[in-house]
Amino acid sequence: MNLPNKITLARICLIPVFVAVFYCGLLSRWCFLAAAAVFLLAAATDALDGHIARSRGLVTDLGKFLDPIADKVLVSTAFILLLTVPAAFTVSPFGGWGLVVAGICVALILARELIVSGFRMIAAGKNLVLAADKLGKLKTVFQDISITLLLVAITFLFGGESEAEHTAFVAGEIISYIGLICFALCTVLTVVSGLNYILKNKAVFRDTEDGAK
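Rules of the game
- Residues numbered from 1 in each chain as written.
- Predicted model: local features only at pLDDT ≥ 70, side-chain atom pairs only at ≥ 80, totals over all residues.
- Heavy atoms only, no water.
- Phe/Tyr/Trp six-rings, centres within 6.5 Å; stacked < 30°, edge-to-face > 60°.
- Helix = DSSP H or I, 4+ residues; strand = E, 2+ residues; numbered from the N terminus.
- Buried < 20%, exposed > 50% of the residue type's maximum accessible area, 1.4 Å probe, protein only.
- Salt bridge = Lys/Arg side-chain N within 4 Å of Asp/Glu carboxyl O.
- pLDDT = per-residue confidence, 0-100.
- Axes fitted to C-alpha atoms, helices over the stretch in contact; angles between N-to-C directions.
- Parallel < 35°, antiparallel > 145°, perpendicular 65-115°, else oblique.
- Left-handed = near helix turned anticlockwise from the far one by under 90°.
- Nonpolar A, V, L, I, M, F, W, Y, C, P; charged D, E, K, R; others polar.
- Patch = residues over 30% accessible without salt bridge, like charges linked within 9 Å, V, L, I, M, F, W, Y side chains within 5 Å.
- Areas by Shrake-Rupley, 256 points an atom, 1.4 Å probe, with all protein chains shown as cover.
- Contact = heavy atoms within 4.5 Å.
- Core = buried A, V, L, I, M, F, W, Y, C linked by side-chain atoms within 4.5 Å.

**A look at the packing of aromatic side chains**
Line of reasoning, step 1. The tally for this structure, following the rule as stated, stands at 9 aromatic pairs.
Line of reasoning, step 2. Where Phe18 meets Phe22, the ring centres are 6.4 Å apart and the plane angle is 50°; that geometry is what we call tilted. In this pair, Phe18 and Phe22 are both assigned in helix H1 (residues 3-23), 4 residues apart and thus about one turn of the helix distant. Phe22 matches Phe18 in its accessibility class, with the two residues each being buried.
Line of reasoning, step 3. Note on Phe22 and Phe32: the rings are 5.2 Å apart at their centroids and 70° apart in plane angle, and the pair reads as edge-to-face. A residue pair is termed long-range when its members are at least 10 positions apart, and Phe22 in helix H1 and Phe32 in helix H2 (residues 30-55) qualify at 10 residues. For the pair Phe22 and Phe32, a shared accessibility class is recorded, and that class is buried.
Line of reasoning, step 4. In this structure an aromatic cluster arises from ring pairing among Phe18, Phe22, Tyr23, Phe32 and Phe39.

**A look at the pattern of salt bridges**
Line of reasoning, step 1. A complete count under the given rule lists 7 salt bridges for this structure.
Line of reasoning, step 2. A salt bridge links Arg11 to Asp71; its shortest N-O distance comes to 3.0 Å. Here Arg11, found in helix H1, pairs with Asp71, found in helix H3 (residues 61-84); they are 60 residues apart in sequence, far enough to count as distant.
Line of reasoning, step 3. The residue Lys139 makes a salt bridge to Glu113 at a minimum N-O spacing of 3.1 Å. Residue Lys139 is located in helix H5 (residues 134-156), and its partner Glu113 is located in helix H4 (residues 96-125); the two are separated by 26 residues in the primary sequence. The exposure classification of Lys139 matches that of Glu113, with both residues buried.
Line of reasoning, step 4. Three or more residues joined by partner-sharing salt bridges are found here, namely Arg11, Asp46, Asp67 and Asp71.

**Remarks on the confidence of the model for the protein**
Line of reasoning, step 1. Summarising the model, the protein shows a mean pLDDT of 86, and 92% of its residues fall at 70 or more.
Line of reasoning, step 2. H5 holds the highest mean pLDDT among the elements of the protein, 93, whereas helix H7 (residues 206-212) holds the lowest, 52.

**Details of the environment of Gly50**
Line of reasoning, step 1. As for its placement among the helices and strands, Gly50 is situated in helix H2.
Line of reasoning, step 2. Taking the relative accessible area as the measure of exposure, Gly50 reaches 15% and is therefore buried.
Line of reasoning, step 3. With 102 residues separating them in the primary sequence, Gly50 and Val152 have C-alpha atoms 27 Å apart.

**Brief notes about the packing of H5 against helix H6 (residues 163-200)**
Line of reasoning, step 1. At a minimum axis distance of 7 Å, the contact between H5 and H6 shows a crossing angle of 155°. Classified by the interaxial angle, the pair formed by H5 and H6 is roughly antiparallel. The two elements H5 and H6 cross, and the hand of that crossing is left-handed.
Line of reasoning, step 2. When grouped by side-chain class, the residues that make up the contact of H5 with H6 number 20 nonpolar, 9 polar and 1 charged.

**Side note on a nonpolar patch on the surface**
Line of reasoning, step 1. On the surface, Trp97, Val100, Ile104, Leu108, Val191, Leu195 and Leu199 cluster together into a nonpolar patch covering about 720 Å² of accessible area.
Line of reasoning, step 2. Among the elements of the structure, H4 and H6 are those that each provide at least two residues to the nonpolar patch.
Line of reasoning, step 3. The greatest single-element share of the nonpolar patch, amounting to 4 residues, is contributed by H4.
Line of reasoning, step 4. Checked against the element boundaries, Val100 lands in helix H4.
Line of reasoning, step 5. Judged by relative accessible area, which is 42%, Val100 ranks as partly exposed.

**Concerning the packing of H4 against H6**
Each pair of packed helices can be described by the angle between their axes along with the distance between the axes.
Line of reasoning, step 1. The N-to-C vectors of H4 and H6 enclose an angle of 25°; their axes lie 10 Å apart at closest approach. One way to sum up the angle between H4 and H6 is to call them roughly parallel. Seen from above, H4 lies across H6 with left-handed handedness. Judged by residue contacts, Ala102, Cys105, Val106, Leu108, Ile109, Arg112, Ile115, Val116, Phe119 and Arg120 of H4 engage Phe183, Cys186, Thr187, Thr190, Val191, Ser193, Gly194, Tyr197 and Ile198 from H6.

**Re the nonpolar core**
Line of reasoning, step 1. Core analysis: the largest hydrophobic core is formed by 39 residues, its most contacted members being Phe79, Leu82 and Phe183.
Line of reasoning, step 2. With residues near it in sequence (within four places) discarded, Leu82 still touches Phe22, Phe89, Ile147, Leu150, Leu151 and Ile154.
Line of reasoning, step 3. With 5 residues, the next largest nonpolar core counts Val116, Phe119, Ala123 and Val204 among its residues.

This is the structure:
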């Protein structure tokens, strides 16, 4: 197994670590900040393994299989976990409606990833290689930013009565608003990039359509 694939496997191994650190936040809110650091580390390996594989000519079928799976599982896990501790989604003035909208957005994101994964499986069965487009890469960037910001925001959204705690709470709200903007953008980019990806590569279905006629 080459270096890029080892890095990809390391990213997969970081996912249960991320989950464990996240739920330690129920004991200490600072664990949410630590979870953000673990997530950022895992997300950073995505760019690293890709760069090494392309620059050193180490692109393999195993890497093509593992890399998108690692990315999707990491991001999907993070969004699902965030829904279980919804403080960042329910800041004023959103309240409970913020969680409802967030749930719908996460459902759209997960649906897109499943649909595109199925689309790629059909393409692979026809020996077609579908390269990622710029919209897809931009979507990933905003997903990573939004997850990181929302994790950081949760850390400070458990304010107390002291002035320092109140200041931290306000800072958490501000970070949460920025994270929610990025979350909305990544949801739009996720849907648009998915539609664009399928429409741009609609030839994948051509043989099936011709056969049906």
